4 protein chains.
Amino acid sequence: MTIRAVVWNENVHETHNKVVGDLYPDGIHGAIAAALNMDAGITATTATMQEPEHGLTAARLAETDVLLWWGHAAHGDVDDAVVERVAEAVWGGMGLILLHSAHFSKIFKRLMGTPCNLTWREAGERERLWVTSRSHPIAAGIGDYFELENEEMYGEPFGVPEPLETVFVSWFAGGEVFRSGLTYKRGAGNVFYFRPGHETYPTYFDANVQTVLRNAVKWAHNPAARITAVNDAPNVPIEEALEKIEQRGLKLHADGEEGFR
Amino acid sequence: MTIRAVVWNENVHETHNKVVGDLYPDGIHGAIAAALNMDAGITATTATMQEPEHGLTAARLAETDVLLWWGHAAHGDVDDAVVERVAEAVWGGMGLILLHSAHFSKIFKRLMGTPCNLTWREAGERERLWVTSRSHPIAAGIGDYFELENEEMYGEPFGVPEPLETVFVSWFAGGEVFRSGLTYKRGAGNVFYFRPGHETYPTYFDANVQTVLRNAVKWAHNPAARITAVNDAPNVPIEEALEKIEQRGLKLHADGEEGFR
Amino acid sequence: MTIRAVVWNENVHETHNKVVGDLYPDGIHGAIAAALNMDAGITATTATMQEPEHGLTAARLAETDVLLWWGHAAHGDVDDAVVERVAEAVWGGMGLILLHSAHFSKIFKRLMGTPCNLTWREAGERERLWVTSRSHPIAAGIGDYFELENEEMYGEPFGVPEPLETVFVSWFAGGEVFRSGLTYKRGAGNVFYFRPGHETYPTYFDANVQTVLRNAVKWAHNPAARITAVNDAPNVPIEEALEKIEQRGLKLHADGEEGFR
Amino acid sequence: MTIRAVVWNENVHETHNKVVGDLYPDGIHGAIAAALNMDAGITATTATMQEPEHGLTAARLAETDVLLWWGHAAHGDVDDAVVERVAEAVWGGMGLILLHSAHFSKIFKRLMGTPCNLTWREAGERERLWVTSRSHPIAAGIGDYFELENEEMYGEPFGVPEPLETVFVSWFAGGEVFRSGLTYKRGAGNVFYFRPGHETYPTYFDANVQTVLRNAVKWAHNPAARITAVNDAPNVPIEEALEKIEQRGLKLHADGEEGFR
């Protein structure tokens, strides 16, 4: 069975800006989905903010192995309920790949617990992404580095928690560096942040970027059955303890007294 | 100058339940603050949920080096604005120590980005905390382990991100284990979760627990000046780039056109 | 193509001790290989210390995707040259799974850079392994825990570096805990330490242990081409720099002078 | 009491090469020790390879809180017994700071368990070190970055394990990046690798570099009593188990039979 990837896009620049619309006639989501579908092991579809529930209903998420997220101008317009739904899906085992300006998306900030801020500059400068973890599955097929001739600059310090692994670090012509490929785990869900992808450059048509995205989808896929009760905190009754024990010590509640909650 | 610690408590059980009230006549916050003040290097005061703004005004947080948090029955009553204020203080460099049932506090879940759930049992069973990181500053003065004869059980799996370091792992008489001492960093702030501390047991009068708390306050203290603009994402103009570069490539905005945000 | 696993065993207890010989008539290596071969995706063979070059020639390692290592009484008899050869294979991408008393093997200590010590007791006590990372691929098919009725105890503190992830933590009847499943990466190689497996108990016939071993082999497998020049530190000549630069500053060597090495 | 730092240097270039000798008339070790001694909280002395036991006798290490290590041309001449002695001191709690070409020192490779390789170029190019962990104590007093106008280039991939924290990432004029400040823990010892410091440039006279070194000494200092029996793996007799248990299951040795070791 193939990995079911969903490419989500706010889909705003494409429809409001001629430069972006000309560059990505099928939308950034369309370009990415096409790149993913080049791999026989992946079946990619798309969802956009304009669809009901942003295209991310509970039913859709239940059938999504890995979600990719592109957002920029409309982070604030994303419904908090959908964000929480996506977070729960990740905790349950859905993979999540955050693309470029999604560093400031509600869902990334929600999962990181940090501001996720950085410095930036839109100068079309050269970016060179160095692999810092040789033979990492996300970097399969990439040599020691690859270049993007025109990209937006993102600079350190990047306001994220220390990752599980740093896979890419970027060099920028203007003098900055950035940890451009970072892995995390949140609950049962694998999370990958990947820096490139400014809307006015043809980044998602770049062969190396496409390779990384296909790799990342496979890496992020957790084949385990989705955990549904992700927030449960079950009581283990004394009589069901795995080792025989007896009630001891003071108790919060007298017998028959009701609990606070 | 001493480290300024503030012990925050929801202060509900002490005033609503005779067992807890008798055990902690000065409140759990009072007991902990007294234990911290035994160290000449720490000046501990208290704050409770019932005070205006829960006792955690911006001014108070600005003068707090390390905040300790105890909550249980009233997590839901904590004002979201105060939670966000505390999160920003942590990102700016304030230390935060989460105690026992604070695993389910809004602030811990906010900073972890995960459900922070676990299993539990209130049987007054024996807990033995093993040090898994020898000579860690938080475990200074503790041998390889210490015991609490009566404690609530918390069991794995614990729904938190992989920590920077695992300092304690607990053994429970009923057969469970738990990662009881975990360190994290969120922005410039050091974060420590410490498991023991059920309200119906005299845990905070235990000498080893008090030692750990004093150690943790010192460990969590970041002497750097508090970062205030924790969410800033500054633009670096091309003419201020550290290496000389020129504008290239397509641009989102025509000259004079206004931005989306 | 299946994953090529090699199960290495010092093979001493089986041939010198009747208890172990009766329990594992095909050797511990034979029992483990049989368990792995139950998975159609794995082809497992064995190697023992008594073979030439301990059965781990360069040619054999080049055809090994994942090596499993069991040793106890004869750690000191393992040839240092073979240890270094295995280390280089790991750095190049071979997976390595260390079993039980292999915590004190030369290869594990070599890769960890620490003493890898612990406390222990041979009492046949109950061990319960709790999953601390839900839905981790190594724990696939295991619930929240599994039990081994008779095992040797290993206790904390365990003298290893902080792992990438803690997958299992053990509870022991005698009162100790142990981080029983730990993941590491060394170079391109995935490394997993798995605690159970004392030679006088039928641990490797346990269904859950076998499941974990099969999972671990799949997790540890890095499909990337093996890196061979794992120690190379190539000079990048100025004229081949990716950005145009010129020689500046003082130089160690006058023109024509020879280097120290 | 001040922190007792020892700056170790192979002390070869200074005495064999006029360029280096003129630049560091007191040796690189002398320059670094002088920089450390500017801090009233640090007492720095030096040791060189030419001294008996390389100046690192057991007695000397027992009185050393933090060891700094500079080596390059003579890694192979360092006595393996001294390397092992230093490793044991680190496991016992001594801090260790590896400088520049010490990436290839025996002690760093011993503690990392990896090749520690990289790419390099001696072109006197500009290096800019970016802070990737805001307000980290090692970066205290440094802004978001600092520059070294002439340095040797070290490039990724850097063959080290994933660190506890990445504190600095370097940008190089020639197009490479490098993780230049990495923290590790090995046993009870804090370990910091800091990239800059090529012998033909005045790097150790740079104010920012000196600030980082002083910060790093304070960060690496573990005030806990030195653990001496770092390799011990004590047996816990059944009759001393913390919970009452009885001998069960098969045993390796019949009563009175002798062990294999």
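Keep in mind the model is a prediction, meaning the values are calculated, not measured.

1. Things to note about the pattern of salt bridges
It is possible for side chains of opposite charge to pair when their charged atoms get near one another.
All names here are of chain A.
Logical step 1: With the rule as written, the count across this model stands at 68 salt bridges over all chains.
Logical step 2: Residue Asp65 pairs with Arg4 through a salt bridge whose shortest N-O separation is 3.1 Å. Taken together, the residues Asp65 in the loop between helix 4 (58-62) and strand 3 (66-70) and Arg4 in strand 1 (residues 3-9) connect sequence positions 61 residues apart.
Logical step 3: Given a relative accessible area of 10%, Asp65 falls into the buried group.

2. Examining the sheet that holds strand 5 (residues 119-131) of chain B
All names here are of chain B.
Logical step 1: Read from one edge to the other, the open sheet built from nine strands follows the order 2-1-3-4-9-8-7-5-6, with strand pairing classed as mixed. Sheet topology places strand 2 (42-48) and strand 6 (145-155) at the edges, where each strand pairs with a single neighbour. When strand polarity is set aside, the average angle formed by the axes of neighbouring strands in this sheet is 25°.
Logical step 2: Relative to strand 8 (residues 177-186), strand 7 (residues 165-172) runs antiparallel, the two sharing six bridges. Counterpart to Phe168 in the pairing with strand 8 is Gly181.
Logical step 3: In the packing of helix 3 (residues 27-37) onto the sheet, contacts are made with strand 1 (3-9), strand 2, strand 3 (66-70) and strand 4 (95-99), and the angle to strand 2 comes to roughly 170°.

3. Observations regarding the confidence of the model for chain A
Logical step 1: Chain-level pLDDT for chain A is 95 on average; 97% of the residues reach the 70-or-more range.
Logical step 2: On the interface metric, ipTM, the complex scores 0.95, and its pTM is 0.97.

4. Topic: the interface of chain B and chain A
Logical step 1: Listed as interface residues are 64 residues of chain B and, on the opposing side, 64 residues of chain A.
Logical step 2: In total, chain B and chain A occlude about 5,100 Å² of area from one another, counting both sides; carbon and sulfur atoms represent 55% of this.
Logical step 3: The tally of links from chain B across to chain A stands at two salt bridges.
Logical step 4: The residue Arg248 of chain B makes a salt bridge to Glu149 of chain A at a minimum N-O spacing of 3.0 Å.

5. Here's the deal with the state of the cysteines
Logical step 1: Counted according to the given criterion, the structure contains zero disulfides over all chains.
Logical step 2: Cysteine Cys116 of chain A is unpaired, with the sulfur of Cys116 of chain B as its nearest cysteine sulfur at 16 Å.
Logical step 3: Classification of Cys116 of chain A by relative accessible area gives buried; the value is 0%.

6. Observations regarding the relation of the copies chain B and chain A
In this arrangement, two copies of a chain are superimposed by a rotation about an axis accompanied by a shift along the axis.
Logical step 1: For the match of chain B to chain A, the screw axis carries a shift of 0.0 Å, the RMSD comes to 0.0 Å, and the turn is 180°. In the structure described here, the two chain copies are related by an operation that fits a two-fold rotation axis. Closest to the rotation axis within chain B is the C-alpha of Gly113 of chain B, separated from it by 2.6 Å.
Logical step 2: Most of the interface of chain B is mirrored in chain A, where 100% of its interface residues again form contacts.

7. A closer look at unusual backbone geometry
Logical step 1: Glu156 of chain B connects to Pro157 of chain B through a cis peptide bond whose omega is 0°.
Logical step 2: Here Pro157 of chain B is to be found in the loop between strand 6 and strand 7.
Logical step 3: Backbone geometry at Ser135 of chain C places phi at a positive 65°, although glycine is not the residue there.
Logical step 4: Considering the arrangement of structural elements, one finds Ser135 of chain C in the loop between strand 5 (119-131) and strand 6 (145-155).
Logical step 5: In the Ramachandran plot, Glu53 of chain D falls in the positive-phi region, its phi being about 55° despite a non-glycine side chain.
Logical step 6: The residue Glu53 of chain D is located in the loop between strand 2 (42-48) and helix 4 (58-62) in this model.

8. Regarding the UniProt feature "domain: ThuA-like" (unreviewed entry) in chain A
Logical step 1: The UniProt feature table records "domain: ThuA-like" (unreviewed entry) at residues 5-220 of chain A.
Logical step 2: Counting secondary structure, residues 5-220 of chain A comes out at 28% helix and 32% strand; the distance between its end C-alpha atoms is 10 Å.

9. Quick notes on the packing of aromatic side chains
Logical step 1: All told, the structure shown has 50 aromatic pairs over all chains when counted by the stated rule.
Logical step 2: Pairing Trp8 of chain B with Trp69 of chain B gives two aromatic rings, centres 3.9 Å apart and planes at 15°, and the pair type is stacked. Taken as a pair, Trp8 of chain B in strand 1 and Trp69 of chain B in strand 3 lie far apart in primary sequence, 61 residues in all.
Logical step 3: Here Trp130 of chain C and Tyr145 of chain C contribute two aromatic rings whose centre-to-centre distance is 4.8 Å and whose plane-to-plane angle is 40°, an arrangement assigned as tilted. You can see Trp130 of chain C sitting in strand 5 and its partner Tyr145 of chain C sitting in strand 6, a full 15 residues away along the chain.
Logical step 4: The buried category is assigned to Trp130 of chain C, whose relative accessible area is 5%.
Logical step 5: By relative accessible area, which is 33% here, Tyr145 of chain C ends up partly exposed.
Logical step 6: Linked through ring pairs, Phe108, Tyr154, Phe158, Phe178 and Tyr193 of chain A together constitute an aromatic cluster.
Logical step 7: One cation-aromatic arrangement involves Arg128 of chain C over Trp171 of chain C; the distance from NZ or CZ to the ring centre is 4.8 Å.

10. Overview of helix 3 (residues 27-37) of chain D
Residues and elements named next belong to chain D.
Logical step 1: Buried residues dominate helix 3, accounting for nine of its eleven residues.
Logical step 2: Taken as a whole, helix 3 has its buried residues at Gly27, Ile28, His29, Gly30, Ala31, Ile32, Ala33, Ala35 and Leu36.
Logical step 3: In this structure, the buried side of helix 3 is in contact with strand 1 (3-9), helix 1 (13-16), strand 2, strand 3 (66-70), strand 4 (95-99) and helix 7 (207-220).

11. Overview of the environment of Gly143 of chain B
Logical step 1: Along the chain, the position of Gly143 of chain B falls in the loop between strand 5 and strand 6.
Logical step 2: When the C-alpha atoms of Gly143 of chain B and Ile32 of chain B are compared, they prove to be 22 Å apart, with 111 residues separating the residues in sequence.

12. A few points about the packing of helix 3 (residues 27-37) of chain C against helix 7 (residues 207-220) of chain C
All names here are of chain C.
Logical step 1: Two elements in contact, helix 3 and helix 7, have axes whose closest approach is 9 Å; the angle formed by their N-to-C orientations is 70°. What the angle tells us is that helix 3 and helix 7 run roughly perpendicular. Between helix 3 and helix 7, the residues in contact are Ile32, Ala35 and Leu36 and Gln210, Leu213, Arg214 and Val217, respectively.
Logical step 2: Taken together, the residues that form the contact of helix 3 with helix 7 break down as five nonpolar, one polar and one charged.

13. A closer look at the interface of chain C and chain D
Logical step 1: At the junction of the two partners, chain C supplies 64 residues and chain D supplies 64 residues.
Logical step 2: Of the roughly 5,100 Å² buried between chain C and chain D on both sides combined, carbon and sulfur atoms contribute 55%.
Logical step 3: Summed over the shared surface of chain C and chain D, the result is two salt bridges.
Logical step 4: Of all the secondary structure elements, the ones that give two or more residues to the side of chain C that touches chain D are helix 1 (13-16), helix 2 (18-23), helix 6 (106-112), strand 5, strand 6 and strand 8 (177-186) of chain C.
Logical step 5: Looking at the side of chain C that touches chain D, the element that brings in the most residues is strand 5 of chain C, giving eight residues.

The rules behind these values
- Residues numbered from 1 in each chain as written.
- Chains lettered and ligands numbered in written order.
- Predicted model: local features only at pLDDT ≥ 70, side-chain atom pairs only at ≥ 80, totals over all residues.
- Heavy atoms only, no water.
- Salt bridge = Lys/Arg side-chain N within 4 Å of Asp/Glu carboxyl O.
- Helix = DSSP H or I, 4+ residues; strand = E, 2+ residues; numbered from the N terminus.
- Buried < 20%, exposed > 50% of the residue type's maximum accessible area, 1.4 Å probe, protein only.
- Pairing = 2+ DSSP bridges.
- Axes fitted to C-alpha atoms, helices over the stretch in contact; angles between N-to-C directions.
- Contact = heavy atoms within 4.5 Å.
- pLDDT = per-residue confidence, 0-100.
- Buried area = accessible area lost by both parts, 1.4 Å probe.
- Disulfide = S-S within 2.5 Å.
- Least-squares fit on C-alpha atoms with pLDDT ≥ 70 in both.
- UniProt positions renumbered as here; feature names shortened; annotations may be inferred.
- Phe/Tyr/Trp six-rings, centres within 6.5 Å; stacked < 30°, edge-to-face > 60°.
- Lys NZ or Arg CZ within 6 Å of the ring centre and 35° of its normal.
- Parallel < 35°, antiparallel > 145°, perpendicular 65-115°, else oblique.
- Nonpolar A, V, L, I, M, F, W, Y, C, P; charged D, E, K, R; others polar.

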